[in-house]
Amino acid sequence: MKKLVIVSLVLILMVGLLGGFALAQGKKPKIAWCPAIDDPFYYMIGKGIADKAKELGLELFVSEYPKAWGPEIQVPILEAVAARGDIDVIITGPTSKEALIAPLKRIHDSGIEIITVDTYIGDGDYSKPSEYSFPLTFIGTDNFQGGVEVAHHLAEMIGKKGKVFIETTNPDVSSVVERVEGFKKGMSEYPDIEIVGVEYNLDVQEKAQQQVAAALQANPDIVGVFGTNLYSAQGAYQAVVNAGLTGAVKIASWDATEDLIKALREGKVDLVLAQKPYEIGTLAVEAAYQYFVEGKEIPKRMVPRFFFFTRDNVDDPESQQYIYRAD
Amino acid sequence: MENNRLSFGQRVAIQVGRNWVTLFLVVLVVLFSLTGRGFFSPKTLNNVLLTSSPALLLAAGETFVIITGGIDLSVGFVRGLISVISAIIMRDLYAQGYSPSFCIPLGIVVGLALGLLPGLINGILVARFRVPPFIATLGMYGVANGFALRFSKGFPITFLPPEVGQIGNGFFAYFLPGRGVSFFERHPDIVEGEMRNLIGIVPYSIVVVAVLLSVFAFILSRTQFGQHVYAIGGNIDAARRAGIPVDRDLIRVYMISSFFAALSGVMSTLIFSIGTHTQFSASLELFAIAAVVIGGASLMGGKGSIWGTTLGVFVLALLEIGFLMSGILPFYRYIAVGTILVFAVVIDQTFPEVVYE
């Protein structure tokens, strides 16, 4: 009788221990998604996160989509989310490399893991110990590399010679600055291609149109324009259409919004680089799952590749998944 | 003060002081013609006219507000909101099979009508509740942007009827060297290579803008309401004591401002065939205010004109295009715009009696 009690006690204890252990290892994390800004790109990341979380059966909380880019708007949102007390991991795009280090560190120290997507803190290298190496991982596009690849594609399209022009948004936003720098680097491999100018439209289409029209007037032999985002490309192709140069001036653009894809089909735009925001979202949730449930080591950096839309592949069924859609 | 009592030098000084913006504009054209390759051409003129319409509209509305001594910070985002709303109406009706000749005008009209609402609210807040214009319109700045993002989800509104872009970018006439002029449509048998030489004459958009600016310039300078606007800006308490219906007039002024912002939004939709919310970095309201001030208005109120504002917009547009075509880095343009803005106010402050004796 006594033996039986001891055996059953031991059994109960073991089951309890195992159960408890299993619980500690296999705890399904509750995820919070805190976008950096309300735009198609972040919307697509959010979609990837939501779909993957559903698939893996993870609970997801989505904070508001801020209407402006900046730490002063983002930090209060992050702190409010951390204060809920039920979140295990926050996925976010830091709006400043420097200003977000301290707030995210505080949140991390309170027991919440951080995954940064699209943008990073510090220099983005979380593999070496440093004051900003605490996030689980950084998953994001390499803007510089994208610029280089756009340059190579555009160079092919214009026969590796002639004048090209860069239409971009701001001189102080790192993502577009890196695209421009990468593009310059890529074009530097072609001795017969000359970059005749870089202009900044502050995300105003009329300004982009005005600037590209003026550039075409000053250099009538421009054969290619790189618009670093939707508004730059939009203004650029409208200027080219108005000048009657459709086809003669190739337009390369960044981000596969439906409008740019439509313009590509209509022959107004010739190349569209798609980042893979949906994939960034799914990778982030997978990383959280692997870390919490499977106890795996997560690579400190993941870089999804690009997809290039041209008129040849724009109607292929497998291309469609890379278009950014609101629904 | 009678002019014939002044010396010749004083009279020249008065003329220069009064018309310095015009002179400056002429100097810019001459300067850029020398430095900018291909600057002096009808295409550049078209570029300035075509792409200045939205700025002209925003600045014209802002002129009324600034003359009353107020400020309207919401115009940039009201423009984005109305661009989004008018585009959504056009897109959804077109998708349901309505003809473009129905959905385009409806999108325009509903957009313009809704565009009066932010101004009505701004005006009531400023006039009845005595909210400082800076705060009232800063509130509307956030509200309008929030709604625009709510409706568009941050995406541009696309899939509008194809005619939208044709209206927005159309010209009354086209001139092709060697082939003559064709009205309303491009030469029907035009070939690829000739398009490069095609010159559009008088874009539709600028005609709409010119007519509206003329009408509102008339309202401002020749009507009783226009006089009230200046009187309110000169001294609002005196205006009240003089029996001017200050509250009603202020509400009208803010409605005019947001109507112009809405028109600018509709026009942006027509030109680019997409509805776009205004991006935060655009600072459209600040450029509008700069143009108004360069055009001779004072933020203290009581001064300014539509004509002056028009010149102010063209100065900014010419700086933009001329610097680019002269191959000067864009950063110097920001410096130039900043300098000229301050210069305009210094002239105002230093020689008020010379400029407006």
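In this report, we go over the structure that sits alongside the text. All figures in this text were calculated on a predicted structure; none of them were measured in a lab.

Cut-offs used in this document
- Residues numbered from 1 in each chain as written.
- Chains lettered and ligands numbered in written order.
- Predicted model: local features only at pLDDT ≥ 70, side-chain atom pairs only at ≥ 80, totals over all residues.
- Heavy atoms only, no water.
- Helix = DSSP H or I, 4+ residues; strand = E, 2+ residues; numbered from the N terminus.
- Rg over C-alpha atoms; globule rule 2.2 N^0.38 Å.
- Contact = heavy atoms within 4.5 Å.
- Areas by Shrake-Rupley, 256 points an atom, 1.4 Å probe, with all protein chains shown as cover.
- Lys, Arg positive; Asp, Glu negative; His and termini not counted.
- Charge placed at Lys NZ, Arg CZ, Asp CG, Glu CD.
- Salt bridge = Lys/Arg side-chain N within 4 Å of Asp/Glu carboxyl O.
- Polar contact = N/O pair within 3.5 Å; in protein donor to acceptor, adjacent residues only side chain to side chain.
- Nonpolar A, V, L, I, M, F, W, Y, C, P; charged D, E, K, R; others polar.
- Expected span 1.5 Å × (residues − 1).
- Buried < 20%, exposed > 50% of the residue type's maximum accessible area, 1.4 Å probe, protein only.
- Arc of directions from axis to C-beta.

**Here's the deal with the overall build of chain B**
The helix and strand inventory of chain B stands at 16 helices and 3 strands. For chain B, the C-alpha radius of gyration of 22 Å lies close to 21 Å, the compact-globule estimate for 357 residues. Principal axes of the C-alpha set define a box for chain B whose edges measure 65 × 50 × 35 Å. The long-range share in chain B, meaning contacts at least 24 apart out of those at least 6 apart in sequence, stands at 75%. Accessible area for chain B stands at about 15700 Å²; split by element, carbon and sulfur atoms hold 69% of it. Placing the 21 positive and 17 negative side-chain charges of chain B at their respective mean positions leaves the two points 3 Å apart.

**Brief notes about the interface of chain A and chain B**
Listed as interface residues are 47 residues of chain A and, on the opposing side, 46 residues of chain B. Taken together, chain A and chain B are joined by 3 salt bridges. Salt-bridge contacts for R333 of chain B lead to E199 of chain A; the nearest nitrogen and oxygen are separated by 3.2 Å. Applying the counting criterion to the chain A and chain B interface returns 13 residue pairs in polar contact (both at pLDDT 80 or more). Every element with two or more residues in the side of chain A that touches chain B is listed here: α2 (40-56), β6 (162-168), β7 (193-200), α7 (205-218), α8 (230-242) and α9 (258-265) of chain A. Of the residues forming the side of chain A that touches chain B, the biggest block, 11 residues, is contributed by α7 of chain A. Taken together, the residues of the side of chain A that touches chain B break down into 22 nonpolar, 13 polar and 12 charged.

**Remarks on the environment of E206 of chain A**
For E206 of chain A, the location among the structural elements is in helix α7. Note: C-alpha distance between E206 of chain A and Q234 of chain A (28 residues apart in sequence) is 9.2 Å. When sequence neighbours within four positions are dropped, the list of residues in contact with E206 of chain A reads T51, P54, R79, S268 and F272 of chain B.

**A few points about helix α6 (residues 133-152) of chain B**
Residues and elements named next belong to chain B. Compared with the 28 Å implied by 1.5 Å per residue over 20 residues, the 28 Å span of α6 between its first and last C-alpha is a close match. Looking only at α6, the buried set comprises A136, T137, M140, Y141, G142, A144, N145, A148, L149 and S152. Lining the buried residues of α6 we find α4 (75-95), α5 (100-127), α12 (246-272) and α13 (284-294). Directly after α6, the chain includes K153, whose backbone phi takes a positive value near 55 degrees.

**A short note on helix α10 (residues 224-234) of chain B**
Residues and elements named next belong to chain B. Buried within α10 are the following residues: F225, G226, H228, V229, I232 and G233. Axial view of α10: buried residues confined to an arc of 155 degrees, hence all on one face. Opposite the buried face of α10, by more than 90 degrees, sit the exposed residues Q224, Q227 and G234. Packing partners of the buried residues in α10 comprise α3 (42-67), α9 (204-222), α11 (236-241) and α12.

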